[in-house]
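# Working through the structure, step by step
Residues per chain are reported as follows:
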Amino acid sequence: MSTVGVQNFAKSNSDKVIGCFAMESVSEYKTSGYGCIAQTDPLLSAYLGVHRDKNGKITELLVERTKSEIQKNLH
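Rules used throughout
Residues numbered from 1 in each chain as written. Predicted model: local features only at pLDDT ≥ 70, side-chain atom pairs only at ≥ 80, totals over all residues. Heavy atoms only, no water. Helix = DSSP H or I, 4+ residues; strand = E, 2+ residues; numbered from the N terminus. Buried < 20%, exposed > 50% of the residue type's maximum accessible area, 1.4 Å probe, protein only. Contact = heavy atoms within 4.5 Å. Polar contact = N/O pair within 3.5 Å; in protein donor to acceptor, adjacent residues only side chain to side chain. Lys, Arg positive; Asp, Glu negative; His and termini not counted. Salt bridge = Lys/Arg side-chain N within 4 Å of Asp/Glu carboxyl O.

### Looking at the overall build of the chain
Within the chain one finds 4 helices and 0 strands. For the chain, the N- to C-terminal ordering of α and β elements is α-α-α-α. When the 75 residues of the chain are sorted by exposure, 17% land in the buried category. In the chain, 33% of the contacts between residues at least 6 apart in sequence involve partners at least 24 apart.

Next up, the structure:
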């Protein structure tokens, strides 16, 4: 879901949503709107000029930052 869509959903459902996290806020994530193509789609990644992430470092970083934001909102 796009950031704008998530923000609108969160605003419309504020009684059920305690927060949201925009993955594009992670500076290492260069393919917003396409997902983690640096790991999953080497052809499209190369076309967009993004280096291959063979070890999943960017995906792992996104998971860790997302997890951190969830933990912040639970306390």
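That shown, we press on.
### Structural notes on the side chain of Ser45
Relative to the elements of secondary structure, Ser45 occurs in helix α3 (residues 42-47). Among the polar contacts listed, one links the side chain of Ser45 to the backbone oxygen of Val50, at a separation of 2.8 Å. Excluding anything up to four places from it in sequence, Ser45 contacts Ile37, Ala38, Val50 and His51.

### What to know about the side chain of Asp53
Residue position: Asp53 is located in the loop between α3 and α4 (57-74). No salt bridge is formed by the buried Asp53; the nearest opposite charge belongs to Lys57, separated by 7.5 Å. There is a polar contact of 2.9 Å between the side chain of Asp53 and the backbone nitrogen of Lys57. Those residues within four positions of Asp53 in sequence are excluded, and the remaining contacts are Ala38, Gln39, Ile58 and Thr59.

### Considerations on the pattern of salt bridges
Taken as a whole and judged by the stated rule, the model has 2 salt bridges. Here Arg65 ties to Glu28 by a salt bridge, and the two come within 4.0 Å at their closest N and O atoms. With a gap of 37 residues between them, Arg65 in helix α4 and Glu28 in the loop between α1 (3-12) and α2 (37-40) connect regions that are remote in the sequence. Linking Glu69 and Lys72 is a salt bridge whose minimum nitrogen-to-oxygen distance equals 3.0 Å. Of the two residues, Glu69 and Lys72 both sit in helix α4, 3 residues apart, roughly one turn of that helix. On the basis of relative accessibility, which here comes to 54%, the residue Lys72 falls in the exposed class.

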